[in-house]
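Single-letter residue listing:
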Amino acid sequence: MKTKVGIDRIHFYIPPQYVDMEELAQARKIDPAKFTIGIGQSQMAVTDYKQDIVTLAINAALPIISKEDRDIIDQVIVATESSFDYSKAASIYLHEALKINRFARSYEIKEACYAGTAALQAAVDYVRLRPKRKVLVVTTDIARYGLASSGEATQGAGAVAMLITADPAILAIEEESIAYTDNQFDFWRPQYDTYPRVDGKFSTDLYNQTFLNLMEEVGERKPDFWDAYQVQLFHLPFTKMGRKAIKNYRQYLSNSTDKISDTDQKLKALDLWEKHYEHAIEYSRNIGNIYTGSLYLGLISLLNYDQSLKEGDKISLFSYGSGAVAECFFGELQDGFREAILFKEIESMFQKRRKLSIEEYEELYLKSIETSDGIIEFDPSVHEGEFYLAKIDNHRRYYKQKISHQNDSKM
Ligand code: CAA
């Protein structure tokens with residue numbers, strides 16, 4: 001029998017501040033229902049300017065890495081589209097902070113929101129060949145479109161850490177997946193731009209069309225797909241997006257004059273997907289878009305809120321990155337998957353968050369780290385997490401662990 005490989009541990013970290021979407025809508029003179037119903041967001045995580053992708057990533061990973069893991073982890077892979085450095089990988093800071101053994105590989109992967117899946121697949125393939133070794137994958141992003149921009153309501157920030165091992169405790173990933181590439185300009189960020197360029201309407205249409213094209217291919221290549229998979233998870237730039245993709249696919253199936261194979265079976269599967277969908281969007285609704293990690297945030301949300309799921313259930317995951325690259329891959333829930341997730345710590349993170357007024361949010365948004373030479377020191381008070389950005393010395397960033405928190409993993 002083949003060794004199962006997949007997600008053994010998973011955890012996320014969000015900044016300790018958020019904005020209420022109804023208040024944001026009022027400040028922008030927009031009907032709040034557009035944000036809460038039309039886009040499907042209630043709260044939006046916001047970073048302090050001293051919180052960067054590295055502090056988010058370390059704080060996501062620290063609770064799931066044990067002392068023993070540090071010697072067996074062969075790779076630290078960070079997926080991000082919010083890098084502050086064009087050369088040095090964010091994973092190197094992570095490698096040091098987590099005290100991973102020196103003989104490990106550390107690198108960063110980019111392809112918009114799809115990058116987390118590229119990292120996960122690289123990790124799974126590596127461990128399949130070396131079942132005694134482990135790989136740490138961390139997605140980390142700060143999504144920003146600009147104050148009062150049309151994308152403002154779809155911002156967010158956060159990191160998801162996943163430990164990939166053989167005989168995983170949570171989700172075994174299947175060997176076969178189906179990827180998709182299509183050169184398009186729906187969302188991209190030239191290196192001279194602070195904010196991404198986005199063709200909003202086109203981006204949602206492209207997402208829908210990509211999903212449809214992939215699903216039809218999945219049906220062709222995997223004849224048991226429409227019967228065997230209980231849940232379809234989506235990349236969630238905002239929580240309405242997956243629902244739009246299901247609706248678009250349903251319309252295609254219902255309206256097409258061409259004969260589409262297995263239409264009734266497919267429509268039944270869409271009904272089932274919609275039932276599970278609500279559970280998968282709970283966290284995203286209160287955090288926003290975390291780009292590379294949003295699909296995985298959906299997975300954690302599903303496993304927390306969907307009590308109907310059990311060991312052996314099969315999940316299909318749709319990963320999408322603008323530009324565009326997508327992939328549909330598949331997993332099977334493992335015995336005891338719920339106990340392997342730190343739900344109490346996640347709950348406590350939400351409880352400790354502070355709501356920002358819109359004035360505070362705007363002030364924070366416009367602040368940035370000085371880019372001049374010299375030394376800037378920061379205090380740890382801005383972070384609820386254990387690690388913080390302590391110093392920038394001639395453009396070199398240094399991170400520190402709070403003294404009161406110098407403990408090991410929660411696992
Ligand atoms: N009550 C209820 N609903 C309302 C409403 C009201 N008063 N007013 C408007 N709405 C609804 C609209 O009918 C619309 O719903 P449908 O899409 O179902 O028709 C929804 O609210 C949004 O309204 P608009 O389309 O008018 O909103 P907008 O023009 O301001 O733009 C957006 C929305 C395109 C998502 C924009 O926020 C944006 O550009 N976001 C960034 C890009 C993005 O997230 N794209 C997603 C696909 S790309 C991707 O997935 C990669 C990634 O992570 C970026």
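## Side note on the site of the ligand
Next, step 1: Taken together, 23 residues are adjacent to the ligand, and Asp31, Lys34, Ser150, Ser203 and Lys244 come closest.
Next, step 2: Interatomic distance of 2.7 Å between a side-chain N/O atom of Lys34 and an oxygen atom of the ligand.
Next, step 3: Here an oxygen atom of the ligand sits 2.9 Å away from a polar atom, N or O, in the side chain of His235.
Next, step 4: The protein chains hide 71% of the 1100 Å² of surface that the ligand would expose on its own.

## Overview of helix α14 (residues 358-366)
Next, step 1: Every buried residue of α14 is accounted for by Ile358, Tyr361, Leu364 and Tyr365. Buried positions in α14, seen along its axis, are confined to an arc of 130 degrees and lie on one side of it. Opposite the packed face of α14, turned more than 90 degrees from it, sit the exposed residues Glu359, Glu363 and Leu366.
Next, step 2: On its buried face, α14 sits against β2 (17-20), α1 (21-27) and β3 (43-46).

## Things to note about the side chain of Lys222
Next, step 1: Within the secondary structure layout, Lys222 lies in the loop between α7 (200-221) and α8 (225-228).
Next, step 2: Excluding its chain neighbours within four sequence positions, the residues that come into contact with Lys222 are Glu174, Tyr229 and Phe330.

## What about the pattern of salt bridges?
Next, step 1: This structure, assessed with the given rule, holds 19 salt bridges.
Next, step 2: One salt bridge in this structure joins Glu362 and Arg28, with 2.9 Å as the shortest N-O distance. With Glu362 in helix α14 and Arg28 in the loop between α1 and α2 (32-39), the pair connects residues that are 334 residues apart, well separated along the chain.
Next, step 3: On the accessibility criterion, Glu362 (25% relative accessible area) is partly exposed.
Next, step 4: Here Glu278 and Arg243 are joined by a salt bridge, their closest N and O atoms 2.8 Å apart. With Glu278 in helix α10 (residues 263-280) and Arg243 in helix α9 (residues 240-255), the pair connects residues that are 35 residues apart, well separated along the chain.
Next, step 5: Taking relative accessible area as the criterion, Arg243 reaches 28% and is therefore assigned partly exposed.
Next, step 6: Each of Asp8, Arg9, Asp69 and Lys134 takes part in a single network of salt bridges with overlapping partners.

## Looking at the packing of helix α3 (residues 53-61) against helix α5 (residues 90-97)
Next, step 1: Running from N to C, α3 and α5 cross one another at 40 degrees; their axes reach a closest spacing of 10 Å. Comparing their axes, α5 and α3 come out oblique. Here the hand of the crossing between α3 and α5 comes out right-handed. On α5, the residues touching Ile53, Val54, Ala57 and Ile58 of α3 are Ala90, Tyr93, Leu94 and Ala97.
Next, step 2: Grouping the amino acids of the contact of α3 with α5 by side-chain chemistry returns 8 nonpolar, no polar and no charged.

Cut-offs and rules
- Residues numbered from 1 in each chain as written.
- Predicted model: local features only at pLDDT ≥ 70, side-chain atom pairs only at ≥ 80, totals over all residues.
- Heavy atoms only, no water.
- Near = heavy atom within 4 Å.
- Polar contact = N/O pair within 3.5 Å; in protein donor to acceptor, adjacent residues only side chain to side chain.
- Areas by Shrake-Rupley, 256 points an atom, 1.4 Å probe, with all protein chains shown as cover.
- Buried < 20%, exposed > 50% of the residue type's maximum accessible area, 1.4 Å probe, protein only.
- Helix = DSSP H or I, 4+ residues; strand = E, 2+ residues; numbered from the N terminus.
- Arc of directions from axis to C-beta.
- Contact = heavy atoms within 4.5 Å.
- Salt bridge = Lys/Arg side-chain N within 4 Å of Asp/Glu carboxyl O.
- Axes fitted to C-alpha atoms, helices over the stretch in contact; angles between N-to-C directions.
- Parallel < 35°, antiparallel > 145°, perpendicular 65-115°, else oblique.
- Left-handed = near helix turned anticlockwise from the far one by under 90°.
- Nonpolar A, V, L, I, M, F, W, Y, C, P; charged D, E, K, R; others polar.

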